[in-house]
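So you can see what is in the structure, the chains are spelled out below.
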Amino acid sequence: MGNEQPSNPQDDYKAKETKPQLGERWPHGGFRGGGGWISSDRVTSTYDLVEQMHFLYVRVVKARDLPPNPVTGSCDPYVEVKLGNYKGKTKHFDKKVNPEWKQVFAFSKEKIQSSIIEVFVRDREMVQRDDYLGKVVFDMNEVPTRVPPDSPLAPQWYRLEDRRGESKVRGEVMLAVWMGTQADEAFSEAWHADAALVQGEGVHSVRSKVYVSPKLWYLRVNIIEAQDVESLEKSQPPQVFVKAQVGKQVLKTKVCQTRTTNPFWNEDLLFVAAEPFEEQLVLTVECKAGPSKDEIAGRLVLPLNTFEKRLDHRPVHSRWFNLERFGFGVLEGDRRHERKFSTRIHLRACLEGGYHVLDESTMYISDQRPTARQLWKQPVGILEVGILSAQGLVPMKPKDGRKTTDAYCVAKYGLKWVRTRTILDSLSPKWNEQYTWEVYDPCTVITLGVFDNCHLGGNHENSGAGKDSRIGKVRLRLSTLETDRIYTMSYPLLVLQQSGVKKMGELQLAFRFTCLSLANIIYLYGHPLLPKMHYLHPFTVNQVDSLRYQAMNIVAVRLGRAEPPLHKEVVEYMLDVDSHMWSMRRSKANFFRIVSLFSGVISMSKWLGEVCKWKNPITTILVHLLFCILICYPELILPTMFLYMFLIGIWNYRSRPRHPPHMDTKLSWAEAVNSDELDEEFDTFPTSKPENTVKMRYDRLRSVAGRIQTVIGDMATQGERFQALLSWRDPRATSLFIVLCLIAAVILYVTPFKIIALVAALVYLRHPKFRSKMPSPPCNFFRRLPARADSML
């Protein structure tokens, strides 16, 4: 049955609603007592969006007064915790009779096959078998249950017993043993019994972690002019330009058109920098010495901490800097002080705190806050996500002669990245971990990806050498979620491979968006999507693309330096690093998105044709009547249109989407794509074709076509936003719009049309003094509406 194909492949690619047992449930005999089960809707519950998993926790703190080895006179102690077939070991200490381990072991209750827990203290021997020092035994039926938010269980000293448990021996060990759930504070730091084979650095990579993106700034360097620039050729003045470098980012000014020793540019160069600032700004003034040869006239190195942090568009003071004369060595040490003058450069530089540094595609943006924390508004909601499990994952790598998967899930929203623990050797892993994010704008997207861990160490083949493999990705737009509703959904994990679209399994999620202030959310709909500096001093399209690419690289490098690292391939997949690349499939998909927008116009023309043909006489008579009324009273045209939109919005409420949208293979044109187009899409950039001429032309075509693809996608997005006005995909926006339609209809009914037309003309032709560079509230409202781009693969 497992290999049987579904009757309709499209159904296999759709999101499905599930009904898992969410919330905390405690058996009789727990700390909280009571009969039967404790209700799952307790106010104190913090893990109400996951299925509860029970674990036996053993905290090994320290030992004291351990007996030394009679031969060596020392003791190299470690602790072994044994529960049935599962064993966990602490690290050992050399020559220490009072060691401190402070380690926690977690054993899944589902896999417990023993009624006793044995804690052995042993002395490590290099040659012969490890020496036995003593043990402590616990009965599973006597282990207490801890229910958060109760305080952690206090560890106690236990005397060690001999092998038979008949008498006490020298030495004590401090332990705490209790039953708990994944809501326990010890869960994230615990060594899990099912990860016993993982060794070395891989131990850290199997635990759940929370990461924070580095704080990114835009560095604006305005290069104004330079003075006293000398070249090697004394016969004529130099042609000068400035090269600036921050880390791996290199930008150049244009070459000053006039040959002069005092060149002038007044050019802005933009970089991305991350706190803490580790790179420096390196400026070199260079002279054109030939068609492909430049000579360096001077150099300047400035730490980024020296620059002013600007929060708005106020002007920044410029400064003159003396350049370090290039070419002077140690032997010429004091000669530089003999010079009467030096080359100087005039700069105006600042760190921009009023912009949001884009490190992800604007179509799937998860955060729009400016860099400067003091410009942040209060959060308007809370997003809670329970990452439950995955089902039917595809085996990703070989192990012990068979194929298996070591899966973990990554979620990214705003500055916060989370990574679940890795479940080893399972095609149906259960994580049941819950995470929370503050929401500052509901018109944002959370991205979740599932990966196969290839950095485990131990007995895994090829582990630690390869890259973590992509299994699939899910996006959720918060504005499409109803407030305070718990969604329990199973999303197919779809990836596009060279063989075509493939389902890699299903990801089961539970999520809830809680509104803190409905008034603030409605207020946001009329305001710009990005901070106002993006509109007062906008970047060019090329600058946005380049800066986004640099920001993604910086985020990938910084998260790759965490412990455990969030590897570059994971960060790039989550941030859609290759979304701007040319693809025939994406271009076709965007084209047909535009074509589908005209279906409404086509159906309207068909309806008008039916009216003309008197297919329904009553409808035709009513249309004639309405037409006559509007001809006689033209002032009723606009209010009637708004009233109709209000009625259509109310009518569409019944058929509104009940679930947030998901990846649509048909919309993405992933099912009908041919092998040649897939080969082109998975081709490297630049292309791997051998012919130089073909390569040049082909790359040019892909670059141009990529821009066309983006423009077509933007056009499709605008049309889909019009559709979203009355479709209830964003319930709050549709509610707001139909209320405005009703108000507009009432106002237009009671106001003469001539006055409306006059006011509209005066507003449209108003003087530039009365105009603002900021987009109007209707434009802001429109840009916040959801489009079907969220469902694009």
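Residues numbered from 1 in each chain as written. Predicted model: local features only at pLDDT ≥ 70, side-chain atom pairs only at ≥ 80, totals over all residues. Heavy atoms only, no water.

## Quick look at unusual backbone geometry
Phase 1 of the analysis: Note that the residue after Glu 275, namely Pro 276, is joined by a cis bond; omega there is -10°.
Phase 2 of the analysis: The residue Pro 276 is located in the loop between β15 (264-274) and β16 (280-290) in this model.
Phase 3 of the analysis: Omega for the bond connecting Glu 563 with Pro 564 falls within 30 degrees of zero, at 0°, which places this linkage in the cis form.
Phase 4 of the analysis: Within the secondary structure, Pro 564 is located in the loop between α5 (541-560) and α6 (568-574). (Helix = DSSP H or I, 4+ residues; strand = E, 2+ residues; numbered from the N terminus.)

## Quick notes on the packing of helix α10 (residues 637-652) against helix α13 (residues 731-750)
Phase 1 of the analysis: Two numbers describe how α10 lies on α13: the axes approach to 8 Å, and their chain directions differ by 155°. One element, α10, and the other, α13, form an angle in the roughly antiparallel class. α10 and α13 meet at a crossing whose hand is left-handed. Counting all contacts with α10, which are made through Leu 638, Pro 639, Thr 640, Phe 642, Leu 643, Met 645, Phe 646, Gly 649 and Ile 650, the residues of α13 involved are Phe 737, Ile 738, Cys 741, Leu 742, Ala 744, Ala 745, Leu 748 and Tyr 749.
Phase 2 of the analysis: Per-class residue counts for the contact of α10 with α13 are 15 nonpolar, two polar and no charged. (Axes fitted to C-alpha atoms, helices over the stretch in contact; angles between N-to-C directions. Parallel < 35°, antiparallel > 145°, perpendicular 65-115°, else oblique. Left-handed = near helix turned anticlockwise from the far one by under 90°. Contact = heavy atoms within 4.5 Å. Nonpolar A, V, L, I, M, F, W, Y, C, P; charged D, E, K, R; others polar.)

## Remarks on a positive patch on the surface
Phase 1 of the analysis: Residues Lys 87, Lys 89, Arg 124, Arg 129 and Arg 163 make up a contiguous surface patch of positive charge.
Phase 2 of the analysis: Considering the arrangement of structural elements, one finds Arg 124 in the loop between β6 (116-123) and β7 (131-139).
Phase 3 of the analysis: The class of Arg 124 is partly exposed, set by a relative accessible area of 33%. (Patch = residues over 30% accessible without salt bridge, like charges linked within 9 Å, V, L, I, M, F, W, Y side chains within 5 Å. Areas by Shrake-Rupley, 256 points an atom, 1.4 Å probe, with all protein chains shown as cover. Salt bridge = Lys/Arg side-chain N within 4 Å of Asp/Glu carboxyl O. Lys, Arg positive; Asp, Glu negative; His and termini not counted. Charge placed at Lys NZ, Arg CZ, Asp CG, Glu CD. Buried < 20%, exposed > 50% of the residue type's maximum accessible area, 1.4 Å probe, protein only.)

## Concerning the confidence of the model for the chain
In low-pLDDT regions, the fine details of the predicted coordinates are not to be read closely.
Phase 1 of the analysis: With 88% of its residues at a pLDDT of 70 or more, the chain has an overall mean of 83.
Phase 2 of the analysis: Segment residues 1-7: pLDDT under 50, and one contact once partners within four positions in sequence are set aside and those in other chains are kept.
Phase 3 of the analysis: Scored below 50 in pLDDT, residues 28-44 shows 34 contacts in the model against residues more than four places distant or in partner chains. (pLDDT = per-residue confidence, 0-100.)

## Observations regarding the sheet that holds strand β1 (residues 16-17)
Phase 1 of the analysis: Within the open sheet, the five strands sit side by side as β1-β30-β31-β22-β27. Their pairing is antiparallel. Edge positions in the open sheet fall to β1 and β27 (430-439), since each of these has one partner strand only.
Phase 2 of the analysis: Direction of pairing for β1 relative to strand β30 (residues 486-497): antiparallel, over a ladder of two bridges. Paired with Lys 16 across the two strands is Ser 490, which belongs to β30. (Pairing = 2+ DSSP bridges.)

## Some thoughts on the nonpolar core
Phase 1 of the analysis: If you look at the biggest cluster of nonpolar residues, it comprises 84 residues, and the most contacted ones within it are Trp 417 and Leu 448.
Phase 2 of the analysis: Counting residues in hydrophobic clusters, the runner-up holds 31 residues, among them Ala 226, Val 242, Val 285 and Leu 304. (Core = buried A, V, L, I, M, F, W, Y, C linked by side-chain atoms within 4.5 Å.)

## A closer look at the pattern of salt bridges
Phase 1 of the analysis: This model, assessed by the stated rule, comprises 36 salt bridges.
Phase 2 of the analysis: Glu 172 serves as the salt-bridge partner of Arg 64, at 2.7 Å between the closest nitrogen and oxygen. In this pair, Arg 64 is assigned in strand β2 (residues 54-64) and Glu 172 in strand β9 (residues 168-181), connecting sequence segments 108 residues apart.
Phase 3 of the analysis: Residue Asp 664 pairs with Arg 788 through a salt bridge whose shortest N-O separation is 3.9 Å. Of this pair, Asp 664 sits in the loop between α10 and α11 (675-681) while Arg 788 sits in the segment after α15 (777-783), and the two are 124 residues apart along the sequence.
Phase 4 of the analysis: Members of the salt-bridge network, linked through shared partners, are Arg 220, Asp 268, Arg 310 and Glu 352.

## A closer look at the packing of aromatic side chains
Phase 1 of the analysis: Under the definition given, this model contains 19 aromatic pairs.
Phase 2 of the analysis: For the pair Tyr 218 and Tyr 355, a centre-to-centre distance of 5.9 Å together with 75° between the ring planes defines the contact as edge-to-face. Of the two residues, Tyr 218 is situated in strand β12 (residues 216-227) and Tyr 355 in the loop between β21 (344-352) and β22 (381-391); the sequence distance between them amounts to 137 residues. The same class applies to Tyr 218 and to Tyr 355, which are both buried. (Phe/Tyr/Trp six-rings, centres within 6.5 Å; stacked < 30°, edge-to-face > 60°.)

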